[in-house]
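# Inside the fold
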Amino acid sequence: MTLVSVAAAAPFVALLGALINGVFGKRLREPLPSAIAATAVGTGFVLSLLAFFGLAALPERTARIPLWSYLQGGAFSLELGFVIDPLSVTLMLIITGVGLLIHVYSAGYMHHDPGYSRYFAGLNLFVAAMLILVMADSFFLMFLGWEGVGVCSYLLIGFWYAYKENADGARKAFIVNRVGDVGFLLGMFLTVRTFGTLDIAEVNAAAPLLAGSAVVTVLGLLYLLAACGKSAQLPLHTWLPDAMAGPTPVSALIHAATMVTAGVYLIARTAPLFASTPGASAAVAWVGALTALLAAFAALSQQDIKKILAYSTISQLGFMFAAVGVGAYWVGIFHVLTHAFFKALLFLGAGSVIHALGGEQDIRKMGGLGKHMKVTGTTSLIAVLAISGVPFLSGFFSKDAILAHVYTSELIGGYGPLALYGILLLTAVMTAFYMFRWYYRVFAGQERLTASARSHLHESPRVMSVPLIILAVLSVVSGYLGLPEFAFPNLISGWLETPTAATFRHPPLTTEWLLIGLSTTAALLGLGLGYLRYGRRRESTKTETPTETTTARAGVLGRASGSALGFDAAYQLLFVRSGERLAQGFRDVDEDVVESGLRGAVNADELGRSVAQVQSGFVRVYALLMLVGLAALVLVVALARVGA
Amino acid sequence: MTLVAVLIPLLSALLLLVAPRALGRAVVLLSTVFTLLTALALPQAGGFERPWIEPFGLYLSLSPAGAGSVLVLTAALVMLPTAFYASFVVRERTGGFLALLLAMQAALNGLFLAQDLVLFYVFWEGALVASVLMLGIWGREGRRQAALKYLTYAVAGSFLMLVAILALRPLSGAASFRLSDLLPATQALPLGTQLWLFLAFTLAFAVKLPLWPLHGWLPDFHEQNHPSGVADVAGTLYKVGGWGFFAFALPLFPAAATVVTPYLLALAAFTAVYAAVIATAQTNLKRLLAYASLSHMGIVGVGVFGLYLAGLNGAMYLLAAQMLSTGGLFLISGMLYSRRSSFELSRYGGLAKSAPALAALTLFVTFASIGVPGLSNFPGEFMSLLGAFARNVWLGGFATLAVIAAGVYGVNMYQRLYQVDAQEDVPDVRGLELVALAPLIIGILWFGIFPHPQLSRIETQAVRVRTYDAPVVATPAGAPVAAPATAEPALEGDDGH
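Predicted model only: the values in this text are computed from it and were never measured.

Residues and elements named next belong to chain A. Between its terminal C-alpha atoms helix H16 (residues 374-388) stretches 21 Å, which fits the 21 Å expected from 15 residues at 1.5 Å a residue. Along H16, the residues classified as buried are Thr376, Gly377, Thr379, Ser380, Ala383, Val384, Ala386, Ile387 and Ser388. Elements in contact with the buried residues of H16: helix H14 (305-325), helix H15 (329-356), helix H17 (394-408), helix H18 (416-443), helix H20 (462-477) and helix H22 (509-535). Within two residues after H16, Gly389 carries a phi angle of roughly 90 degrees, on the positive side.

Now the structure itself:
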């Protein structure tokens with residue numbers, strides 16, 4: 001048992017934690033479920049660290065851990081196994097590291113909830129499934145984790161199941177994800193048909209031999225569909241805002257830091273496959289860029305403290321898709337890493353606010369909380385600056401790397417890179433703008449609290465604020481792993497880079513600096529515009545709330561933003577309503593036409609007569625058949641006797 | 001040992017008819033426990049063969065090799081808690097019901113193990129009689145009508161099969177009705193003859209599978225059965241049409257199978273999606289489960305008719321696994337009925353508050369049923385669809401869409417039963433109910449996590465079917481790799497006899 005292979009125990013430890021809390025939860029007193037769950041995840045983190053150091057010492061930088069034989073069908077067979085390499089270890093560290101902080105935070109956040117142990121069982125189960133997803137060495141095992149995290153997401157979004165909104169949000173997430181899962185399944189079927197295996201390493205090795213062929217492109221598009229479902233990208237993005245019905249730490253862990261990045265991971269994991277198909281890669285990049293823009297636009301005028309962050313997550317995932325779409329696989333994962341820190345921090349900060357205000361989520365009823373909640377306010381400010389791309393914070397480095405790689409990509413031809421770059425730069429401005437609005441409306445400016453919220457107001461306990469501080473530190477420093485390559489040492493690109501066919505131009509140094517200047521400008525411009533729009537008016541008008549609603553009511557753009565371009569309404573009409581009508585039509589046909597048609601076939605004369613008569617027709621036919629059957633039996637037996 | 005798997009439940013059933021009431025439960029428990037132990041030992045057991053009516057070439061021939069033993073195993077795993085549970089919840093004429101239940105198990109084990117076609121037919125009809133009687137005597141108000149409909153479909157289907165079975169020997173000149181004698185003989189029959197015989201078998205198996213449009217009996221069968229759900233479980237075990245194709249129709253008539261299976265594949269793919277979509281629109285729990293189960297059978301069908309080993313293995317695995325999940329859901333429907341006296345979903349809601357453990361168990365079994373990986377149905381479903389996809393991309397792809405509809409009816413059902421606001425409190429899961437569900441839960445996990453041994457056993461029998469699989473090419477590393485899918489099927493030339 002090497003240092004690396006001990007990591008194989010990580011998902012099973014988390015599973016054990018889930019099992020204990022799930023089965024014996026009712027008998028465990030309050031701090032115990034969270035202690036068990038946090039211990040399980042903490043053990044996972046230690047194991048991941050061991051694997052990390054073990055891997056750094058391995059010259060080949062990859063270790064396979066076989067588990068057991070699973071499927072068998074002719075030439076097709078499947079063995080379950082884990083692969084530990086820089087990519088999976090990085091994700092494991094994020095999952096267990098951020099996971100541990102969120103488990104600790106949850107111990108305070110879920111205090112006194114009647115479903116305390118059920119909550120931690122779900123959270124541990126999620127960690128187990130997510131670890132399986134990233135450690136899988138085959139598409140099949142990855143899909144097991146993939147659906148597993150979907151199930152946990154369903155369980156935790158619908159955690160407070162007594163409210164219809166929550167149950168509906170959970171249902172929607174599950175069903176939309178199933179659409180993506182069909183893409184994954186079909187992708188696997190086509191993979192077996194093309195390569196005869198589901199082993200990711202084998203497929204990665206074989207895919208470049210088919211570079212540019214239609215089948216690889218179709219494969220890429222099918223896996224893209226899967227990725228769009230899990231990572232809430234166009235056109236399957238609609239479930240994520242509704243998923244905010246779950247407890248806020250769940251939003252932080254599942255719907256910001258880890259699960260929703262699975263689509264990015266899938267593409268990075270199959271980088272050689274995607275690099276062999278410029279067509280599918282371009283689709284990934286465009287889906288990402290358009291999603292980033294659309295979601296940032298929607299984030300501009302949301303009024304729910306969590307919905308803004310949800311759209312922001314969709315938008316940031318779009319950045320990551322753009323990165324892996326243009327072939328910058330390590331850059332995508334780098335943004336997964338930094339985003340995990342600052343977005344988890346934003347959600348936990350939001351949770352801290354919601355907790356402090358006794359459940360209030362409307363930012364119109366917040367404001368000025370910074371002076372009451374120093375830790376939450378300060379750490380949230382750091383996260384806001386980080387996600388906005390302010391220089392020297394983590395988000396700046398990863399976002400700048402994305403923008404630079406999109407601009408210099410050679411995987412996508414023509415004006416594609418330039419157009420993508422323009423869209424993403426605009427989105428970066430919008431990101432800084434809406435994040436300023438988020439921060440300002442919550443933590444600065446006038447207090448617009450309701451009386452009950454005010455009476456409730458308090459800074460969160462240590463068990464919640466310490467994770468905030470740790471995440472804030474990480475949101476600052478994690479960017480230094482990936483300094484711009486052209487002038488500085490870059491630790492993470494060498495660690496994560498997989499050899500693929502994707503290449504990048506190397507523009508002159510001045511251009512590189514210019515790109516950095518543009519990124520910086522975008523961030524500062526967005527923040528500045530945000531200040532002009534929201535910050536400057538703080539004293540000028542006492543009726544700030546009406547001002548904003550009036551603007552939203554007046555503008556077509558405002559309404560479009562508020563409804564996120566009306567995707568929900570359109571889907572409701574196109575798929576939900578018509579799907580229901582189709583199902584009811586099928587049901588009616590099945591109950592009437594097929595049956596009466598059969599009755600007609602059984603006895604044409606009876607058709608159209610009363611039900612009783614039809615039944616008697618059945619009896620007659622039945623009796624006749626029995627008789628004929630018996631006669632035939634006698635006849636054949638008789639014949640056989642004659643023969644003998 | 002193999003004969004014992006049939007004899008234990010059969011003799012116990014007879015014993016129940018004469019035993020005093022008080023002993024009934026003990027007989028049932030002992031019988032099902034020992035049948036399960038026998039089923040577990042079957043892989044090590046040898047076959048059984050005695051002449052039956054030798055002049056007619058009839059043999060009492062049973063073999064535990066292959067897929068049959070897997071099906072016997074899951075049936076035993078389901079029957080153990082179901083029969084025990086039934087001894088408490090079926091309060092009218094309990095002894096007779098339990099006897100029928102065990103007789104049903106005996107017949108099922110027989111038809112899974114039979115190696116003689118006439119013997120198979122006897123067990124096939126024996127199980128039918130048991131399930132019709134359960135429906136006709138213990139069913140609900142509409143039982144008479146439902147039973148007649150069921151019987152009409154089944155008899156109309158199997159009558160032609162009987163004729164075809166009896167015609168097999170004279171036509172092929174085989175020495176007996178044993179598969180070992182029949183197989184080489186019938187495979188050499190000319191295509192025209194094979195086609196007629198295959199179609200006769202197809203009718204019987206398609207009704208039982210069931211395939212659209214021969215499924216009309218199914219929703220009523222389940223809706224009208226005893227509200228405890230026990231008889232539905234027995235009915236679920238008896239959905240053996242896929243088994244008939246796998247074990248008999250396809251190996252016996254390979255040339256005809258090549259010609260007809262594309263149409264059957266299309267019907268099965270349609271059944272899978274059609275039924276899953278209808279399930280989303282059901283307002284009655286039992287009808288919802290009936291259509292969900294029909295959809296699973298469609299997926300079994302696409303696996304079988306794809307004529308790839310992956311699909312054939314997967315289909316039989318799914319057939320075995322769905323006994324656990326569908327059986328579990330029918331038992332749960334009965335448990336819910338005992339609380340609310342209704343199967344209408346509108347009568348439910350918010351039960352998770354007062355019955356959290358029952359809610360968790362239901363959700364677990366529902367997830368197994370809709371094919372969540374790691375649970376029992378997924379390996380079989382995956383391989384069935386994989387095989388169908390290998391045969392025909394469009395039909396296999398179409399059948400895969402059932403996965404979405406399954407997600408819809410699964411979570412919708414759970415929401416309507418357990419989520420949102422509670423109308424009134426119900427008791428949480430009782431000890432007896434937990435005992436009834438526990439073996440199923442264990443089975444669901446076991447079949448979901450370690451499918452390989454069973455799949456390998458199934459494959460030893462699946463190779464009897466002439467498939468489109470290319471010969472295995474061993475790579476230097478030792479890992480088998482399928483030949484490119486573009487390779488022409490190996491059996492194309494055999495059609496023109």
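There's plenty left to go through after this.
What follows is about the interface of chain B and chain A. Facing 79 residues of chain B, the contacting portion of chain A comprises 67 residues. The interface formed by chain B and chain A holds zero salt bridges in total. Our count for the contact surface shared by chain B and chain A stands at 17 residue pairs in polar contact (both at pLDDT 80 or more). For the side of chain B that touches chain A, the element with the highest residue contribution is helix H6 (residues 143-172) of chain B, accounting for 12 residues.

The next thing to look at is the packing of aromatic side chains. Residue and element names in this part refer to chain B. Under the counting rule described, the total for this entry stands at 61 aromatic pairs over all chains. Ring centres 6.1 Å apart and planes at 65 degrees place the aromatic pair Trp212 and Tyr274 in the edge-to-face group. Separated by 62 residues along the polypeptide, Trp212 in the loop between helix H8 (191-208) and helix H9 (217-224) and Tyr274 in helix H12 (residues 254-280) bring together distant segments of the chain. Of the residues examined, Trp212 reaches a relative accessible area of 25% and is grouped as partly exposed.

Detailed reading of the predicted model is not advised wherever pLDDT is low. All names here are of chain B. On average, residues of chain B score 87 in pLDDT, and 95% of them are at 70 or above. When mean pLDDT is taken per element in chain B, helix H17 (residues 377-391) scores highest with 94 and strand E4 (residues 480-481) scores lowest with 43. Here residues 472-497 scores under 50 on pLDDT; set against residues more than four positions off or in separate chains, the count is 25 contacts. Predicted complex, confidence summary: ipTM 0.90, pTM 0.89.

The next thing to look at is helix H10 (residues 230-237) of chain B. For H10(B), the buried fraction is high: eight of the eight residues fall into the buried class. Burial in H10(B) covers these residues: Val230(B), Ala231(B), Asp232(B), Val233(B), Ala234(B), Gly235(B), Thr236(B) and Leu237(B).

Moving on: the pairing of strand E1 (residues 48-53) of chain B. Residues and elements named next belong to chain B. When E1 meets strand E2 (residues 58-62), the two strands line up antiparallel, connected through five bridges. Following the sheet pairing, Arg50 is matched in E2 by Leu60. Hairpin geometry of E1 and E2 is characterised by an intervening segment of four residues between the two adjacent antiparallel strands and by a positive phi of about 75 degrees at Gly57.

Time to look at the nonpolar core. Proteins that are soluble and globular tend to have nonpolar side chains buried together. Within the largest apolar cluster, 425 residues are counted, with the highest numbers of intra-cluster contacts made by Ile84(A), Trp438(A), Phe201(B), Trp243(B) and Phe382(B). With 19 residues, H15(A) is the single largest residue contributor to this core. The residue makeup of this core includes at least three contributed by each of domain 1 (1-65 + 81-137) and domain 2 (138-562) of chain A.

This next bit is on the pattern of salt bridges. Once their charged atoms are close, side chains differing in charge can pair, the charge on each being opposite to the other. All names here are of chain A. Tallying each qualifying case throughout the model produces 21 salt bridges over all chains. Linking Arg577 and Glu580 is a salt bridge whose minimum nitrogen-to-oxygen distance equals 3.8 Å. In this pair, Arg577 and Glu580 are both assigned in helix H25 (residues 567-602), three residues apart and thus about one turn of the helix distant. Overall, Arg577 belongs to the partly exposed group, its relative accessible area being 38%.

This next bit is on the confidence of the model for chain A. Residues and elements named next belong to chain A. Of all residues in chain A, 89% have pLDDT values of 70 or greater, and the mean over the chain is 85. Here helix H23 (residues 544-554) stands out as the element of chain A with the lowest mean pLDDT, 47, in contrast to helix H11 (residues 262-269), whose mean of 95 is the highest. Between residues 539-547, whose pLDDT stays under 50, and residues either more than four places distant or in other chains, the model counts 10 contacts. This stretch, residues 640-644, has a pLDDT under 50; its non-local contacts, to residues over four places away or in other chains, come to three contacts.

The subject of this paragraph is the environment of Ala99(B). Residues and elements named next belong to chain B. For Ala99, the location among the structural elements is in helix H4 (residues 94-113). With 25 residues separating them in the primary sequence, Ala99 and Trp124 have C-alpha atoms 17 Å apart. If we ignore the near neighbours within four places in the chain, the residues touching Ala99 are Ala13, Leu16 and Leu17.

Thresholds applied
Residues numbered from 1 in each chain as written. Chains lettered and ligands numbered in written order. Predicted model: local features only at pLDDT ≥ 70, side-chain atom pairs only at ≥ 80, totals over all residues. Heavy atoms only, no water. Helix = DSSP H or I, 4+ residues; strand = E, 2+ residues; numbered from the N terminus. Expected span 1.5 Å × (residues − 1). Buried < 20%, exposed > 50% of the residue type's maximum accessible area, 1.4 Å probe, protein only. Contact = heavy atoms within 4.5 Å. Salt bridge = Lys/Arg side-chain N within 4 Å of Asp/Glu carboxyl O. Polar contact = N/O pair within 3.5 Å; in protein donor to acceptor, adjacent residues only side chain to side chain. Phe/Tyr/Trp six-rings, centres within 6.5 Å; stacked < 30°, edge-to-face > 60°. pLDDT = per-residue confidence, 0-100. Pairing = 2+ DSSP bridges. Core = buried A, V, L, I, M, F, W, Y, C linked by side-chain atoms within 4.5 Å. Domains from an automatic or database assignment.

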